[in-house]
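# What the coordinates show
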Protein chains: 2
Amino acid sequence: MDTTQRTEQQRSADRRRRELLEAADRVVLRDGPGASMNAIAAEAGITKPILYRHFGDKGGLYAALAKRHTDALLDSLRAALDAPAERRERVEATLDTYLAAIEARPQVYRFLMHPAEGSPGDQGFDVGKHSAPLLRRMGEELAQVIEERLDLGPGSQQLARVWGHGIVGMMHAAGDWWLGERPCSRAELVRGLADLLWGRLAAAGDKVGGPGF
Amino acid sequence: MDTTQRTEQQRSADRRRRELLEAADRVVLRDGPGASMNAIAAEAGITKPILYRHFGDKGGLYAALAKRHTDALLDSLRAALDAPAERRERVEATLDTYLAAIEARPQVYRFLMHPAEGSPGDQGFDVGKHSAPLLRRMGEELAQVIEERLDLGPGSQQLARVWGHGIVGMMHAAGDWWLGERPCSRAELVRGLADLLWGRLAAAGDKVGGPGF
DNA sequence: CGTGCATGTTACTTGCGGTAACCACAGTCT
DNA sequence: AGACTGTGGTTACCGCAAGTAACATGCACG
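This write-up is about the structure you can find in this document. (Residues numbered from 1 in each chain as written. Chains lettered and ligands numbered in written order. Predicted model: local features only at pLDDT ≥ 70, side-chain atom pairs only at ≥ 80, totals over all residues. Heavy atoms only, no water.)

The next thing to look at is the protein's contact with DNA strand C. Around DNA strand C sit 15 residues, and of these T47 and R53 of chain A together with K48, Y52 and K58 of chain B come closest. Near-protein atoms of DNA strand C (within 4 Å) split between backbone and bases, with sugar and phosphate holding 43%. Contact between DNA strand C and R16 of chain A: a phosphate oxygen at 3.0 Å from a side-chain N or O atom of the residue. The contact in question runs from a base oxygen of DNA strand C to an N or O atom on the side chain of K48 of chain B, over 2.6 Å. When the residues that make up the surface near DNA strand C are grouped by side-chain class, the tally is six nonpolar, four polar and five charged. (Near = heavy atom within 4 Å. Polar contact = N/O pair within 3.5 Å; in protein donor to acceptor, adjacent residues only side chain to side chain. Nonpolar A, V, L, I, M, F, W, Y, C, P; charged D, E, K, R; others polar.)

It is worth spelling out the interface of chain B and chain A at this point. Facing 63 residues of chain B, the contacting portion of chain A comprises 63 residues. Between chain B and chain A, a total of about 5900 Å² is buried, with carbon and sulfur atoms accounting for 60% of that surface. Summed over the shared surface of chain B and chain A, the number is eight salt bridges. Salt-bridge contacts for E181 of chain B lead to R161 of chain A; the nearest nitrogen and oxygen are separated by 3.0 Å. Seen at the junction of chain B and chain A, the total is 24 residue pairs in polar contact (both at pLDDT 80 or more). Those elements that place two or more of their residues in the side of chain B that touches chain A are α6 (106–113), α7 (133–149), β1 (150–151), α8 (156–181), α9 (186–197), α10 (200–203) and β2 (205–206) of chain B. If one sorts the elements of the side of chain B that touches chain A by residue count, α8 of chain B sits on top with 17 residues. (Contact = heavy atoms within 4.5 Å. Buried area = accessible area lost by both parts, 1.4 Å probe. Salt bridge = Lys/Arg side-chain N within 4 Å of Asp/Glu carboxyl O. Helix = DSSP H or I, 4+ residues; strand = E, 2+ residues; numbered from the N terminus.)

Turning to the relation of the copies chain B and chain A, a few remarks are in order. Rotating chain B by 180° about the axis while translating it 0.0 Å along that axis superimposes it on chain A, leaving an RMSD of 0.2 Å. Interpreted geometrically, this transformation is the action of a two-fold axis. A shared interface surface links the copies, since 100% of the contact residues of chain B are contact residues in chain A too. (Least-squares fit on C-alpha atoms with pLDDT ≥ 70 in both.)

In contact at an axis separation of 9 Å, helix α9 (residues 186–197) of chain A and α8 of chain B are set at 65° when each is read in the N-to-C sense. The two elements α9 of chain A and α8 of chain B meet at a crossing, and its hand is right-handed. Between α9 of chain A, through E188, L189, G192, L193, D195 and L196 of chain A, and α8 of chain B, the contact on the second element is made entirely by Q158, L159, V162, W163, G166 and I167 of chain B. Across the contact of α9 of chain A with α8 of chain B, the residue classes tally to seven nonpolar, three polar and two charged. (Axes fitted to C-alpha atoms, helices over the stretch in contact; angles between N-to-C directions. Left-handed = near helix turned anticlockwise from the far one by under 90°.)

This is the structure in structure tokens:
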């Protein structure tokens, strides 16, 4: 039968695909997210049309590339989040894992956060449709963990999602800023964010002699 | 002297510039952030080189455009943040103001969050350098307010900045997600986020019968 | 042998950012 | 009046990257 053949070819195609992705990875890491298809193809030792046969268009390639890294990052985040420890410790570990990841490979991070957007024929874009899918996935993931671990009373599911996306956004924006300016150590940043989540904003006293009242 | 003449010409140029910006605004709002220079020029009733004479390059135009909206948004946020009210109320008002803004004009919002990035000759990009400047500005602004209003003890300045960027990121990501899925009303979202900032995450009890321990 | 069929190539089209060179009209100087 | 300058405008082009069409090649199967 040709089933065995088909699987055989399938495997070959998959291997090819993985090789191509790795080449794309190298060149994107080297040249940034603006890497051209020509450059990627050259790095892979082939030419453009093959890339298009495999991934459809640039968006497809980038999506596949992003999925790899996103999955990897999400795995490590899950590990930190699921560790058997106090909640505060888990939160800090998760924050630290994320920050360590973006610190170690800023190029990857930058690529993930700004996937191809300027592609022509891009109409019909409902807001947020192709806005960083990594953030969305992380938000959903975190929401799930929150919802299944915490007792939030009625409306817990929606609240968990709000918090999931909110916390992820906090982590992301703070990390982005921190990576650009490096105003403090990673540990300090982690502590600061955890403190924020732990309600220190609400607990802090008004500054004496402040403006207004 | 030609000083009066110069100011005269300056004014004419400024008026022109504003007209061009308004045309650009219209077309960006209509066609999204991927709007071409040609389209913008056509909308303004002129041709490309004039745009380039005024704004240098596409990045310049987009920066000018973004500055207008960013300034406007920041103004309304400042108003909400500086209102004479309890802290929680102020926070909720600020969140609501932001969400109302992005809800009212999602196209503007989307444009602001993803300014041109794919320009060629883009190497030497330190991470975060051209990543959404609106977020940065909002973060810094909020940090300043926090720092001058709250008594945070030692290291208050850095902590305030961490919180500023963190909170802004939270607001942004949650808003982005919410705008895409509309899973709940604006008021519910505001409440949820404020609750998060008020430490309900830390205060929540473990779910009974949860997985693991 | 020829017929598929996957893999690869060259060479092209299209569209965009950006620029050079040219045009026209206002005012100014002599 | 007529040459001189500068400002707002245009056409026509370059370079480059995405994406495609059409052609070539190698290999299994009847």
